[in-house]
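Listed here are the chains, written in short residue letters.
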Amino acid sequence: MHRATKAAPRVVVYSHKDVAALLAGLAADAVHRAHEIEIYALEPQFLGALAARLVRRMSFDLAVNERSLYLTFDDATLNGSVTAHRLQA
């Protein structure tokens, strides 16, 4: 993370796990511009439902509205939310 924040003007992390450990790690380590890192958590239920549908060749439509994701397959639509987190400055 430290190297990424030094090299890029913006760093964004999408997490499939609980972000509490990631935030604690950023707070404890000397990460350059840690308070500017954008962290987004994906809903575990949404990812679980998506994982259950994965096949080698698949197609779907993805729509994003605010912090909601809508994944449409031929026979079903999955939806989930994305939660924003930031390290307190």
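First, a word on what this report is: a plain description of the structure on this page. Counting restarts for each chain, with residues numbered from 1 along the sequence as it is written. In keeping with the predicted nature of the model, local features appear solely for residues at pLDDT of at least 70, side-chain atom pairs appear and are counted solely at 80 or more, and the whole-chain, interface and lining totals rest on all residues. Hydrogens and waters are ignored; side-chain quantities use all the structure's heavy atoms.

Considering the overall build of the protein
Applicable threshold: Strands are runs of DSSP state E lasting at least two residues, helices are runs of H or I lasting at least four, and both sets are numbered from the N terminus onward. For a compact globule the rule gives 2.2 Å times the number of residues to the power 0.38, and the radius of gyration it is set against comes from C-alpha atoms. Think of it in three bands: with a 1.4 Å probe and only protein chains considered, a residue is buried below 20% of the maximum accessible area for its type, exposed above 50%, and partly exposed in between. The contact criterion used throughout is that any non-hydrogen atoms of two residues lie within 4.5 Å. Only the protein chains shown count as cover for residues, and the accessible areas themselves come from Shrake-Rupley with a 1.4 Å probe. In this tally Asp and Glu are treated as negative and Lys and Arg as positive; neither His nor the chain ends contributes. A charge is said to be at NZ when it belongs to Lys, at CZ for Arg, at CG for Asp and at CD for Glu.
For the protein, the helix and strand inventory stands at three helices and five strands. Shown N-terminal to C-terminal, the secondary structure of the protein runs as helices and strands in the order α-β-α-β-α-β-β-β. The C-alpha atoms of the protein give 16 Å as radius of gyration, which overshoots the globular expectation for 89 residues (12 Å, by more than 25%). Burial analysis of the protein (89 residues in total) assigns 27% to the buried set. Counted over contacts in the protein with a minimum sequence separation of 6, partners at least 24 positions apart contribute 59%. For the protein, the exposed surface amounts to about 6,400 Å²; the carbon and sulfur share of it is 52%. Computed over 10 positive and 9 negative side-chain charges, the separation of the two mean positions in the protein equals 10 Å.

So, the pattern of salt bridges
Test applied: Think of a salt bridge as a Lys or Arg side-chain nitrogen and an Asp or Glu carboxyl oxygen that are within 4 Å of each other.
Inspection of every chain in the model, using the stated rule, returns four salt bridges. Among the ionic pairs, Glu38 bridges to Arg10, the shortest N-O distance being 2.7 Å. Note that Glu38 is positioned in strand β2 (residues 38-42) and Arg10 in the loop between α1 (2-7) and β1 (12-15), a separation of 28 residues in sequence. Judged by relative accessible area, Arg10 falls into the exposed class, the value being 56%. When salt bridges with common partners are traced through the structure, they connect Arg10, Glu38 and Arg86 into a single cluster.

Details of the packing of aromatic side chains
Given two aromatic rings, their pairing is described by the distance between the two centres and the angle made by the two planes. The condition that has to hold: Stacked, tilted and edge-to-face pairs are distinguished by plane angle, under 30 degrees for stacked and over 60 for edge-to-face with tilted covering the rest, among Phe, Tyr and Trp rings (Trp via its six-membered ring) whose centres lie within 6.5 Å. Only when the NZ of Lys or the CZ of Arg is both within 6 Å of the ring centre and within 35 degrees of the ring normal is a charge said to sit over the ring.
A full pass over the atoms with the stated rule returns two aromatic pairs. Between Tyr14 and Tyr40, the aromatic rings sit 5.3 Å apart at their centres with planes inclined by 25°, giving stacked as the arrangement. A residue pair is termed long-range when its members are at least 10 positions apart, and Tyr14 in strand β1 and Tyr40 in strand β2 qualify at 26 residues. Owing to a relative accessible area of 10%, Tyr40 belongs among the buried residues under this scheme. Here the basic side chain of Arg53 rests over the ring of Phe73, its NZ or CZ set 4.2 Å away from the ring centre.

A short note on the environment of Val19
Position of Val19 relative to the elements: it lies in the loop between β1 and α2 (20-28). In sequence terms Val19 and His85 are 66 residues apart; their C-alpha atoms lie 8.0 Å from each other. Beyond its immediate stretch of four places on either side in the chain, Val19 contacts Ile39, Ala41 and His85.

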